[in-house]
Amino acid sequence: QVQLVESGGGLVQAGGSLRLSCAASGRTSSDYAMAWFRQAPGKEREFVGSISWSGGSTRYADSVKGRLSVSRDNAKSTVYLQMNSLKPEDTAVYSCASTRYRRTDPGMATNLWHYWGQGTQVTVSS
């Protein structure tokens, strides 16, 4: 039973920072790639970034590259999304995801991410 629980969302001013966490349970965390997605009201779900099962490779959407970064601590079974220089357009519900396939990285292929958390709201005020 795989469970993903996000935390760390909230209200911040433009230019501020937040660190989101995604705690995983139910399986060996180090064997699976993880990703972050976001969805703003009225918009499609957007890929934010991902990290490989080994932690040695990350991928990012062009819109967040350089400001948001994904990392993981397998000892704590937790994946992080560090968000810096936040902009109002970053406002969205952020969800973490993982794949059912061991030691693979779906990248931006949304349909290959099988497990999802409930999401955490991030609101950036201007």
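This write-up is about the structure you can find in this document. (Residues numbered from 1 in each chain as written. Predicted model: local features only at pLDDT ≥ 70, side-chain atom pairs only at ≥ 80, totals over all residues. Heavy atoms only, no water.)

### Brief notes about the overall build of the chain
Put simply, the test is: Only DSSP runs of H or I reaching four residues or more are called helices, and only runs of E reaching two or more are called strands; each is numbered from the N terminus. The globule rule is 2.2 Å times the number of residues to the power 0.38, and the radius of gyration it is compared with is taken over C-alpha atoms.
What the chain contains, in helices and strands, is 0 helices and 11 strands. Its helices and strands in sequence order give the chain the pattern β-β-β-β-β-β-β-β-β-β-β, from N to C terminus. The C-alpha radius of gyration of the chain comes to 13 Å, within 12% of the 14 Å expected for a compact globule of 126 residues. Judged by the C-alpha coordinates and their principal axes, the chain covers about 40 × 25 × 25 Å.

### Points about the nonpolar core
To keep it simple, the criterion reads: What is meant by a nonpolar core is a set of buried Ala, Val, Leu, Ile, Met, Phe, Trp, Tyr and Cys residues, joined one to another through side-chain atoms within 4.5 Å. When a residue's accessible area, from a 1.4 Å probe over protein chains only, is under 20% of the maximum for its type it is buried; when over 50% it is exposed; and in between it is partly exposed. In what follows, a contact means two residues having at least one pair of non-hydrogen atoms within 4.5 Å.
Ranked by internal contacts, the top residues of the largest apolar core, which has 24 residues, are W36, L81, M83 and Y94. Elements with a contribution of two residues or more to this core: β3 (18-25), β4 (34-39), β5 (46-51), β7 (68-73), β8 (78-83), β9 (92-98) and β11 (120-125). Residue contributions to this core peak at 4 residues, all from β3. Setting aside its immediate chain neighbours within four residues, L81 contacts L18, R19, L20, W36, V48, L68, S69, V70 and Y94. A33, A35, A97 and W113 belong to the second largest nonpolar core, which has 6 residues in total.

### Observations concerning the packing of aromatic side chains
Let me state the cut-off plainly: The pairing test for Phe, Tyr and Trp rings, Trp by its six-membered ring, is centres within 6.5 Å, and the orientation test on the planes gives stacked under 30 degrees, edge-to-face over 60, and tilted for anything in between. Distance and angle both matter: a charge sits over a ring if NZ of Lys or CZ of Arg is within 6 Å of the ring centre and within 35 degrees of the ring normal.
Summed over all chains, the structure comprises 3 aromatic pairs. When the centroid spacing of 6.5 Å and the interplanar angle of 75° are considered together, the rings of F37 and W113 count as edge-to-face. Separated by 76 residues along the polypeptide, F37 in strand β4 and W113 in the loop between β9 and β10 (115-116) bring together distant segments of the chain. The exposure class of F37 is buried, given its relative accessible area of 1%. Between F37 and W116, the ring centres sit 4.9 Å apart and the planes meet at 55°, which makes this aromatic pair tilted. With F37 in strand β4 and W116 in strand β10, this residue pair connects regions lying 79 residues apart in the sequence. A residue is classified by how much of its surface remains accessible, and W116, at 28% relative accessible area, is partly exposed. Ring-pair connections join several aromatic residues into one group, and the members of that group are F37, F47, W113 and W116. Here the guanidinium or amino end of R45 rests over the ring plane of W116, the centre of that ring lying 4.1 Å away.

### A few points about the environment of G9
Here G9 is to be found in the loop between β1 (3-7) and β2 (10-13). By relative accessible area, which is 34% here, G9 ends up partly exposed. Separated by 111 residues in the primary sequence, G9 and T120 have C-alpha atoms spaced 5.3 Å apart. Among all residues touching G9, those that are not within four sequence positions of it are L20, T120, Q121 and V122.

Note that all results are geometric; they support no functional claim without further evidence.
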